[in-house]
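Close look at the chain arrangement
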Amino acid sequence: MDLKLRNFITLLDYSQDEIDYLLNLSAKLKNDKYLGKEHKVLSDKNVVLLFQKDSTRTRCAFEAGAQDLGMGVTYLGPSGSQMNKKESVKDTARVLGRMYDGIEFRGYKQRDVEALADNAGVPVWNGLTDQYHPTQILADFLTIKEKYGYLKGINFTFVGDARNNMGNSLMIGAAKMGLHFTGVAPKDLWPEADLINTCKEIAKESGATITFTDDKMAGTKDADVIYTDVWFSMGEPDDVRIKRIKQLVPYQVDKALLDNAKQTVIFMHCLPAFHDKYTDVGRDIAETYGTAFPKIKAGEMEVTDEVFESDKSVVFQEAENRMHTIKAIMLATMRGNDE
Ligand code: CP
Ligand code: NVA
């Protein structure tokens, strides 16, 4: 397996074997880290991280991961560079590609990360766009493998805003790796038909199945994994809130939903999550809409605090795995097998 100079901008570009390879490399790097075994094998390299949107996990995973690999790191935030304001993405790519050995991008448009990839001449990694969040999926699948020992045949249920970056990317990942993916959401929050059809085609080869339903009990029955994400994603206007709350309050992941799944079910979330009143946005939404929608009164939205804090919840193991998997992506795409 040689992934040198490959971009990582959607899992659609990666085969099952390649994803498997990255997951195994992640597990190895995690083990090395736990053993205190140094792996500064890219100490002659530097990476740049371009963030148009906020981040805790992705930014820190890239920074800590790059440092563990011995690399230098530059972070450019939403106001820190000329990109998009005085310089096109294409020109930015051609500049940064001459200074850095790898580029991470988190932003709005998938076509921006594609433009970087087409013009930089060094690997470009998608740290989230409106459409996809592929590095997250590797962390999620590593976590499932750690919990169950395998991916093929896992009953994976995503509940909530299924037509967003997370819903899209989890469906692609499941199709590639042979999981049984069920999206549970109101019909107008299902992914685009084209993407569903593409995934169904991929699924034919892997043994995966791709199903959508608006029936939360049917969709979570026998689930090995119940996964959810925020109801409104970064970059969405505030005026979608009321509509989305109305649509998704019935789909809040609560104990009844977990009890409906297999006894061994695990709860997953890419984070950050609204599960209590200790966030500014959660409090604001609870104050504004809590009277009309009592279920969100305590700042709990996509998941109740009870489920989030339960022993079924693996969200912090999943968050840690962001670093091990991102490190594997950087290492695999920057260094060939013969080096
Ligand atoms: N899951 C995730 O991407 O988290 P951040 O927004 O904190 O990077
Ligand atoms: N769908 C979320 C994912 C955050 C990691 C967002 O885009 O805000």
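Just above sits the structure.
Now for a look at the structure at hand. This structure is a prediction, so every number in the text was calculated from the model and none was measured.

**Remarks on the sheet that holds strand E8 (residues 225-228)**
Overall, parallel pairing links the five strands, which are arranged E7-E6-E5-E8-E9 in an open sheet. The two strands at the open ends of the sheet, each matched to only one other strand, are strand E7 (209-213) and strand E9 (266-269). For this sheet, the mean inter-axis angle between neighbouring strands, taken without regard to orientation, is 20 degrees. Strand direction decides the pairing type here: strand E5 (residues 155-159) and strand E6 (residues 180-184), joined by five bridges, are parallel.

**A closer look at the environment of Ala-115**
Relative to the elements of secondary structure, Ala-115 occurs in helix H4 (residues 110-120). When sequence neighbours within four positions are dropped, the list of residues in contact with Ala-115 reads Val-89 and Ala-93.

**Here's the deal with the sheet that holds strand E3 (residues 102-106)**
Pairing in this open sheet of four strands is parallel, and the strands run E2-E1-E3-E4 from one edge to the other. Each of the sheet's edge strands pairs with one partner strand only, and the pair in question is strand E2 (72-76) and strand E4 (124-126). Each strand of the sheet is rotated relative to its neighbour by a mean of 20 degrees, with strand direction disregarded. Pairing of strand E1 (residues 46-51) with E3 involves five bridges; the strand directions are parallel. Note on E3: the bridge partner recorded for Leu-50 is Phe-105. Packed onto the sheet, H4 meets E1, E3 and E4 and runs at close to 165 degrees relative to E4.

**Notes on the nonpolar core**
Core analysis: the biggest nonpolar cluster contains 94 residues, and Ile-144 and Phe-156 have the highest contact counts within it. At 10 residues, the largest contribution of residues to this core is made by helix H13 (residues 315-334). The residues touching Phe-156, leaving out its near neighbours within four places in the chain, are Ile-144, Leu-170, Leu-179, His-180, Phe-181, Thr-182, Val-225 and Tyr-227. Membership of the second largest hydrophobic core comes to 18 residues, among which are Ile-9, Leu-76, Val-89 and Ala-120.

**A closer look at the pairing of E6**
Burial analysis of E6 places four of its five residues in the buried class, the great majority of the element. Crossover connection from E5 via helix H6 (residues 165-177) to parallel E6: handedness right-handed.

**Examining the packing of helix H5 (residues 134-148) against H13**
Two elements in contact, H5 and H13, have axes separated by 8 Å at closest approach and are oriented at 115 degrees. As for how H5 packs across H13, the hand of that crossing is right-handed. Taken together, the residues of H13 that come into contact with H5 (itself represented by Thr-135, Gln-136, Leu-138, Ala-139, Asp-140, Leu-142, Thr-143, Glu-146 and Lys-147) are Gln-317, Glu-318, Asn-321, Arg-322, Thr-325, Ile-326 and Ile-329. Classifying every residue of the contact of H5 with H13 gives five nonpolar, six polar and five charged.

Criteria and thresholds
- Residues numbered from 1 in each chain as written.
- Chains lettered and ligands numbered in written order.
- Predicted model: local features only at pLDDT ≥ 70, side-chain atom pairs only at ≥ 80, totals over all residues.
- Heavy atoms only, no water.
- Pairing = 2+ DSSP bridges.
- Helix = DSSP H or I, 4+ residues; strand = E, 2+ residues; numbered from the N terminus.
- Axes fitted to C-alpha atoms, helices over the stretch in contact; angles between N-to-C directions.
- Contact = heavy atoms within 4.5 Å.
- Core = buried A, V, L, I, M, F, W, Y, C linked by side-chain atoms within 4.5 Å.
- Buried < 20%, exposed > 50% of the residue type's maximum accessible area, 1.4 Å probe, protein only.
- Right-handed = clockwise from strand over helix to strand, strands pointing away.
- Left-handed = near helix turned anticlockwise from the far one by under 90°.
- Nonpolar A, V, L, I, M, F, W, Y, C, P; charged D, E, K, R; others polar.

These values are about where atoms sit, not about what they do.
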